[in-house]
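Per-entry structural report
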Amino acid sequence: MSTTMKKERISSPAKRQKVDTEETSEMTQKVCTKEAPPPAKRQKVDTGETSETTQKVCTKEAPDSEWPEAWLMPDEVEDQTADNKLEPNVPVSVASLREIGISYWKMDAENYEYPTISVPWNPKDSTDPKLSQIRDNRGYSYADIITVHPDHLPGYEDKIKSFFEEHIHDAEEIRYIVGGQGFFDVRDKHDQWVRIHVKKGDLMTLPEGIYHRFTTDSTNMIHAMRLFVGQPVWTPFNRPCEEHPSREKFLELHPIEKNPDSVVV
Ligand SMILES: [Fe+2]
């Protein structure tokens, strides 16, 4: 765009709106990086420009530097909501998480609002193009939003204990953390517990058949979107369930390896 055109556009209010639109469009293309415009601004982008912009939303997984912190944890813990790091701490690399089939996207949870609870949740209520694109690309046809907190989840204490039972599912587990934080614990390729600290803006998937569990952290609050392909089935199959077809499928892709240097006690 020439300097003359820029000046012209800024000179009249009607044309200034056009400039805003162009800026919004540019920013939307940068959703991948970090900054994203608030929904109100994005709604100004209209018709053809919107669809072009949506196609350009980057839905690549986040670079390693943006993944949540992860570390090895002991087999036995007194307080499931504590960090439970080993001493000294043993960080777990993103490569190790990818190796067991975990995927991760960094989302813009700051500029979009979500209800405290919505079961199910209508995706038309969000203008986040990156979320829409990921849903489309991966076939996530169902979503709901829940808040795990003593005030919003009846039987909170019992629920938290049940979430912390080691289990698998016969489908991918997909969670987008829109507020608060918590821990996903997963078994790594040596069958050791790895604790992943998920926070607002994290969208993470756990593969079908992986042993895992969940707990809130010491803040006791997580606000999460649950996504699913088709009709949701949340049934957990508690360990041991080595004969379960989903577990067998997982082990074919990610066999357990003995770790002679295990540091977990
Ligand atoms: Fe689960």
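Residues numbered from 1 in each chain as written. Predicted model: local features only at pLDDT ≥ 70, side-chain atom pairs only at ≥ 80, totals over all residues.

What about the overall build of the protein chain?
Here is the rule: Under the DSSP-based scheme used, a helix requires at least four consecutive residues in state H or I and a strand at least two consecutive residues in state E, with every element numbered from the N terminus. Partly exposed residues are those whose C-beta has more than 12 but fewer than 20 other C-beta atoms within 10 Å; 20 or more makes a residue buried and 12 or fewer makes it exposed, with C-beta atoms placed from the backbone.
Of the regular secondary structure elements, the protein chain holds eight helices and ten strands. Relative to its 265 residues, the protein chain shows a buried fraction of 26%.

Thoughts on unusual backbone geometry
The peptide bond linking Glu87 to Pro88 adopts the cis configuration, its omega dihedral lying at -5°. Here Pro88 shows up in the loop between β1 (70-72) and α5 (94-99). For Asn84, which is not glycine, the phi torsion reads 55° and is therefore positive. The backbone of Asp191 sits at a positive phi, close to 65°, despite the residue not being glycine.

Some remarks on the confidence of the model for the protein chain
Just so we agree on the cut-off: pLDDT measures how confident the predictor is about each residue, on a scale from 0 to 100. Contacts are defined on C-beta atoms placed from the backbone: any two residues whose C-beta positions lie within 7 Å are in contact.
Averaged over all residues, the pLDDT of the protein chain is 83; the fraction at 70 or higher stands at 77%. When the criterion is pLDDT under 50, residues 1-54 qualifies, and its contacts beyond four places in sequence or with other chains add up to 54 contacts.

Focus: the nonpolar core
Heads up, the condition is: Here, a nonpolar core means buried Ala, Val, Leu, Ile, Met, Phe, Trp, Tyr and Cys residues linked by C-beta atoms lying within 7 Å of one another.
With 40 residues, the main nonpolar core has Tyr176, Val178, Phe184, Val186, Ile196 and Met225 as its most contacted residues. When contributions to this core are tallied by element, the ones reaching two or more residues are β1, β2 (103-106), α6 (129-138), β3 (142-148), β5 (173-187), β6 (193-199), β7 (202-206) and β9 (222-228). With residues near it in sequence (within four places) discarded, Ile196 still touches Pro68, Ala70, Phe183, Phe184 and Val186.

So, the environment of Gln181
Tracing the backbone through its elements, the reader meets Gln181 in strand β5. Note on Gln181: 18 C-beta atoms within 10 Å, which makes it partly exposed. In this structure, the C-alpha to C-alpha distance between Gln181 and Gly201, residues 20 residues apart in sequence, is 9.7 Å. In this view, Gln181 contacts His197, Val198, Lys199, Lys200, Asp217, Thr219 and Ile222; residues no more than four positions away in its chain are not counted.

Quick look at α6
Every buried residue of α6 is accounted for by Pro129, Lys130, Leu131, Ile134 and Arg135. Just downstream of α6, Gly139 is the residue with a positive phi angle, here 70°.

Comments concerning the environment of Ala143
Structurally, Ala143 is set in strand β3. Leaving out residues up to four positions away in the same chain, Ala143 has contacts with Pro120, Trp121, Pro123, Met225, Arg226 and Leu227.

Describing the environment of Lys161
Within the secondary structure layout, Lys161 lies in helix α7 (residues 156-163). Since 12 C-beta atoms lie within 10 Å of it, Lys161 is described here as exposed. Taking the C-alpha atoms as reference points, Lys161 and Thr215, separated by 54 residues in sequence, lie 8.0 Å from one another.

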